Amino acid sequence: MSTQQRFDRFGERAWGYDPAQVDDFLGRLAAVMRTTTTPPAPGAHADPVAGPGTVADPADVTDPVTTEDSAASADTAGASDADRGPESAEAAQRRRRLGSRQVRERVFDRVKGGYDPGAVDAHLDAVEDELFAREKAAFVAEHGTRRWEEHLELLAGLLLGRLNRPHGERFRRPSSHRTLGYAAADVDVLCDRLMDALRGEPEVDPRLVRTAVFRPAQGQRSYEEQQVDAFLDRAVEFVLALRP
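Residues numbered from 1 in each chain as written. Predicted model: local features only at pLDDT ≥ 70, side-chain atom pairs only at ≥ 80, totals over all residues. Heavy atoms only, no water.

### Brief notes about the overall build of the protein
- Helices and strands together make up the secondary structure of the protein, namely 11 helices and five strands.
- In the protein, which comprises 244 residues, the proportion classed as buried is 44%.
- Considering only contacts within the protein whose residues lie at least 6 apart along the sequence, 84% involve residues at least 24 apart.
- Accessible surface, the protein as shown: approximately 12900 Å² in total, 51% of it carbon and sulfur. (Helix = DSSP H or I, 4+ residues; strand = E, 2+ residues; numbered from the N terminus. Buried < 20%, exposed > 50% of the residue type's maximum accessible area, 1.4 Å probe, protein only. Contact = heavy atoms within 4.5 Å. Areas by Shrake-Rupley, 256 points an atom, 1.4 Å probe, with all protein chains shown as cover.)

Spelled out as structure tokens, the structure:
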């Protein structure tokens with residue numbers, strides 16, 4: 001089924017995801033999904049204890065993949081595999097770099113008459129889940145179950161270290177008093193819900209984090225958006241990693 005058939009478009013006056021960017025990204029993902037094996041998530045450290053894509057502090061990553069993430073988005077949008085001809089070494093490298101983290105962090109421009117964001121996001125969530133399962137299997141096959149458990153312990157410690165901070169002190173403020181951030185109260189509510197879920201539920205639904213929405217705020221009533229987003233990305237990674 002083509003992307004155009006899979007996702008509904010909004011009306012001419014409503015804002016949705018840029019179809020060209022979505023089509024291009026899904027085309028690249030399809031190439032990854034057709035492979036028989038998936039390497040560990042891009043950005044993974046050589047240290048097997050660190051696990052796929054782990055960083056020193058899960059809230060210190062401030063460079064999510066944006067609509068500028070690759071030249072391929074501009075020069076291949078709307079082209080079929082046949083139109084592109086033989087895959088270049090650079091294109092093959094870009095394809096290999098795609099993993100669950102890149103799916104999770106992908107951002108699309110908004111255009112009038114674009115794709116329904118809810119439908120696109122739901123599809124990408126399912127793709128992310130499958131890619132992460134492959135990455136986990138590849139990591140365990142290469143390094144063993146014990147290394148995976150050590151990775152989980154490390155990531156859990158980093159997440160809980162921030163979740164255990166007092167309300168209003170979990171994340172830094174925006175650099176400027178006038179810069180919009182996320183309402184600290186809203187973020188703290190989600191952090192509390194996540195903490196309760198991790199402590200009391202055998203399996204946490206990643207939608208708890210994926211569907212979170214925060215009101216905009218400024219000054220001392222806000223948290224910096226990039227730091228919160230980076231933390232939530234790692235929280236989703238951890239929730240998926242807990243799955244059997």
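### Things to note about the environment of His123
- By the secondary structure assignment, His123 is in helix H7 (residues 117–143).
- The spacing of His123 and Phe7 is 116 residues in sequence and 9.4 Å in space, taken between C-alpha atoms.
- Among residues more than four places away in sequence, those in contact with His123 are Arg6, Phe7 and Leu26.

### Focus: the packing of H7 against helix H11 (residues 225–241)
- Look at H7 against H11: their axes get within 10 Å of each other, and the N-to-C directions meet at 65°. Relative to H11, H7 is oriented roughly perpendicular. The chirality of how H7 crosses H11 is right-handed. Judged by residue contacts, Glu128, Asp129, Phe132 and Lys136 of H7 engage Val236, Glu237, Leu240 and Ala241 from H11.
- Grouping the constituent residues of the contact of H7 with H11 by class yields four nonpolar, no polar and four charged. (Axes fitted to C-alpha atoms, helices over the stretch in contact; angles between N-to-C directions. Parallel < 35°, antiparallel > 145°, perpendicular 65-115°, else oblique. Left-handed = near helix turned anticlockwise from the far one by under 90°. Nonpolar A, V, L, I, M, F, W, Y, C, P; charged D, E, K, R; others polar.)

### Brief notes about the nonpolar core
- By size, the foremost hydrophobic cluster in this structure holds 31 residues, and its most contacted members are Phe171, Val187, Phe214, Val228, Phe231 and Leu232.
- By residue number, the principal contributor to this core is H11, which donates nine residues.
- Setting aside anything within four residues of it in sequence, one finds Val187 in contact with Phe171, Tyr182, Phe214, Tyr223 and Val228.
- Grouped together as the second largest cluster of nonpolar side chains are 15 residues, Val22, Leu29, Val103 and Val120 included. (Core = buried A, V, L, I, M, F, W, Y, C linked by side-chain atoms within 4.5 Å.)

### Focus on the sheet that holds strand S5 (residues 222–223)
- Here three strands make up an open sheet; going across it, the order is S4-S3-S5 and the pairing antiparallel. With one partner strand each, in any of the chains shown, strand S4 (216–217) and S5 form the two edges of the open sheet.
- Direction of pairing for strand S3 (residues 181–183) relative to S5: antiparallel, over a ladder of two bridges. Bridged to Tyr182 within S5 is Tyr223.
- Packing of helix H9 (residues 184–200) onto the sheet brings it into contact with S3 and S5, and relative to S3 it is tilted by some 65°. (Pairing = 2+ DSSP bridges.)

### A short note on the confidence of the model for the protein
- Averaged over every residue, the pLDDT of the protein is 80; the share at 70 or more is 73%.
- Across residues 53–58, confidence stays below pLDDT 50; counting only partners more than four residues off in sequence or on other chains, it has 23 contacts.
- Confidence over residues 61–88 falls short of pLDDT 50; this stretch has 38 contacts with residues more than four positions distant or in other chains. (pLDDT = per-residue confidence, 0-100.)

### Topic: the packing of aromatic side chains
- Across all of its chains, the model carries eight aromatic pairs by this definition.
- A centroid spacing of 5.2 Å and a plane angle of 70° characterise the contact between Phe171 and Tyr223, whose relative ring orientation is edge-to-face. Taken together, the positions of Phe171 in the loop between helix H8 (145–163) and S3 and Tyr223 in strand S5 put the pair 52 residues apart, joining distant regions of the chain.
- Taken together, a centroid distance of 5.0 Å and an interplanar angle of 55° make the contact between Tyr182 and Phe214 tilted. Placement of the pair is Tyr182 in strand S3 and Phe214 in the loop between helix H10 (207–210) and S4, with a sequence separation of 32 residues. (Phe/Tyr/Trp six-rings, centres within 6.5 Å; stacked < 30°, edge-to-face > 60°.)

### Some remarks on the layout of surface pockets
- Empty space within the largest pocket amounts to approximately 940 Å³.
- Lining the largest pocket we find 26 residues, and of these Tyr17, Arg104, Arg106, Asp121 and Arg210 sit closest to its centre.
- Among the elements of the structure, helix H6 (100–105), H7, H10 and H11 are those that each provide at least two residues to the lining of the largest pocket.
- Counting residues per element, the lining of the largest pocket draws most heavily on H7, which supplies five residues.
- Residues of the lining of the largest pocket, tallied by class, amount to 14 nonpolar, one polar and 11 charged. (1 Å grid on protein atoms, 1.4 Å probe; cavity = no way out; pocket = protein on both sides within 12 Å on 5 of 7 lines; lining within 4 Å. Points joined across faces, edges and corners; volume = space filled by probe spheres on them.)

### Side note on H7
- The end-to-end C-alpha distance of H7 is 37 Å, a good match for the 39 Å that 27 residues give at a rise of 1.5 Å each.
- Listed in full, the buried residues belonging to H7 are Pro117, Val120, Leu124, Val127, Glu128, Leu131, Phe132, Glu135, Lys136 and Phe139.
- Positive backbone phi, approximately 95°, marks Gly144, located one or two places after H7. (Expected span 1.5 Å × (residues − 1).)

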